Amino acid sequence: DRLQDLFDILNASIKEPHKVDILIFPEVSIPYAWIHIFARFAKKNSIGMVFGVEHIKIDKTIYNYTCVMLPFSQEKHTNLFINFETKKHFSPMEKISIESRGFIAKEDKNKDPIFYKYKGAVFSTINCYELSDIEYRSKFIGKVDFLTIIEYNRDTNYFSNIIDSASRDLHCYIAQV
């Protein structure tokens, strides 16, 4: 049922009048085993995608990745750029939830933003709690046309307030998903 719901969203994204250039899903929303389905769809339909991959467990370590897929043409062929960004900061509750079960929440505290150019616009991604890091946020000033912020958090009021502030500070559009 869950995969069918995602197929419905994918199929709606390529139909007029709702044809999209980029499709964004929330944090931890797509199982790793389904990434090939999204890659095939993105390439075939020339639609960029940003989504959170469900937590990946390797031994005792838990990873939280954002996946960016951007199709591009080269010599009459459509190719697909795929990048996985590890999370800079787990939220305090997410970290407690992971570590209370005996796992390690793998953070990349030295992560720098990655800037993507797609269809004439420059954008970057922020994974949920990373947005609360003001120093990290400042690295986007004057460099992006829009930010994609993926979340899996019920506290939408808290994040909406930060997003309002960030859009003014960074002078860019923000897609909060």
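This one's a predicted model, so the numbers in the text were calculated from it and none came from an experiment.

Undergrad: Before we move on, could you go through helix α2 (residues 35–45) and cite the residues and values that matter?
TA: The complete set of buried residues in α2 reads Ile35, Ile37, Phe38, Ala39, Phe41, Ala42 and Asn45. Where the residues of α2 are buried, they touch α1 (2–13), β2 (48–58), β3 (61–74) and β4 (77–86). Immediately downstream of α2, the backbone of serine 46 shows phi near 50°, a positive value.

Undergrad: Explain the nonpolar core to me, using residue names and the numbers behind them.
TA: Residues Leu10, Phe25, Ile30, Phe38, Met49, Phe51 and Met69 are the most contacted members of the largest nonpolar core, which totals 21 residues. Sorting the residues of this core by element identifies α1, α2, β2 and β3 as the ones contributing at least two each. Considering each element in turn, this core owes the most residues, 6 residues, to α2. Look past the residues within four positions of isoleucine 30 in its chain and what remains in contact with it is Arg2, Leu6, Phe25, Phe38, Phe51, Gly52, Val53 and Glu54. Among the nonpolar cores identified, the runner-up in size contains 14 residues, and Ile126, Cys128, Ala166 and Cys172 belong to it.

Undergrad: Outline the pattern of salt bridges, listing residues and values.
TA: Taken as a whole, this structure holds 10 salt bridges when the rule is applied. Between glutamate 107 and lysine 109 there is a salt bridge, with its nearest N and O atoms 2.9 Å apart. Ionic pairing is found between arginine 137 and aspartate 169, a salt bridge with its closest N-O pair at 3.5 Å. Of this pair, arginine 137 sits in helix α4 (residues 134–138) while aspartate 169 is found in helix α5 (residues 156–170), placing the two residues 32 residues apart along the sequence. Look at aspartate 169 and you get partly exposed, because its relative accessible area is 41%. One network of salt bridges, in which partners are shared, links Glu27, Lys87 and Glu94.

Undergrad: Any chance you could break down the sheet that holds strand β6 (residues 116–118) for me, citing the residues and the numbers?
TA: Pairing in this open sheet of 4 strands is mixed, and the strands run β6-β7-β8-β9 from one edge to the other. Each of the sheet's edge strands pairs with one partner strand only, and the pair in question is β6 and β9 (173–176). Each neighbouring strand pair of the sheet contributes to a mean axis angle of 30°, computed without reference to strand direction. Contacts from α5 reach β8 (146–150) and β9, with the element oriented near 160° to β9.

Undergrad: Tell me about the confidence of the model for the protein, and name the residues and values.
TA: Averaged over the protein, the pLDDT score is 92; the fraction of residues at 70 or greater is 100%. Between the elements of the protein, mean pLDDT differs from a low of 84, seen in α5, to a high of 97, seen in β6.

Criteria and thresholds
- Residues numbered from 1 in each chain as written.
- Predicted model: local features only at pLDDT ≥ 70, side-chain atom pairs only at ≥ 80, totals over all residues.
- Heavy atoms only, no water.
- Buried < 20%, exposed > 50% of the residue type's maximum accessible area, 1.4 Å probe, protein only.
- Helix = DSSP H or I, 4+ residues; strand = E, 2+ residues; numbered from the N terminus.
- Contact = heavy atoms within 4.5 Å.
- Core = buried A, V, L, I, M, F, W, Y, C linked by side-chain atoms within 4.5 Å.
- Salt bridge = Lys/Arg side-chain N within 4 Å of Asp/Glu carboxyl O.
- Pairing = 2+ DSSP bridges.
- Axes fitted to C-alpha atoms, helices over the stretch in contact; angles between N-to-C directions.
- pLDDT = per-residue confidence, 0-100.

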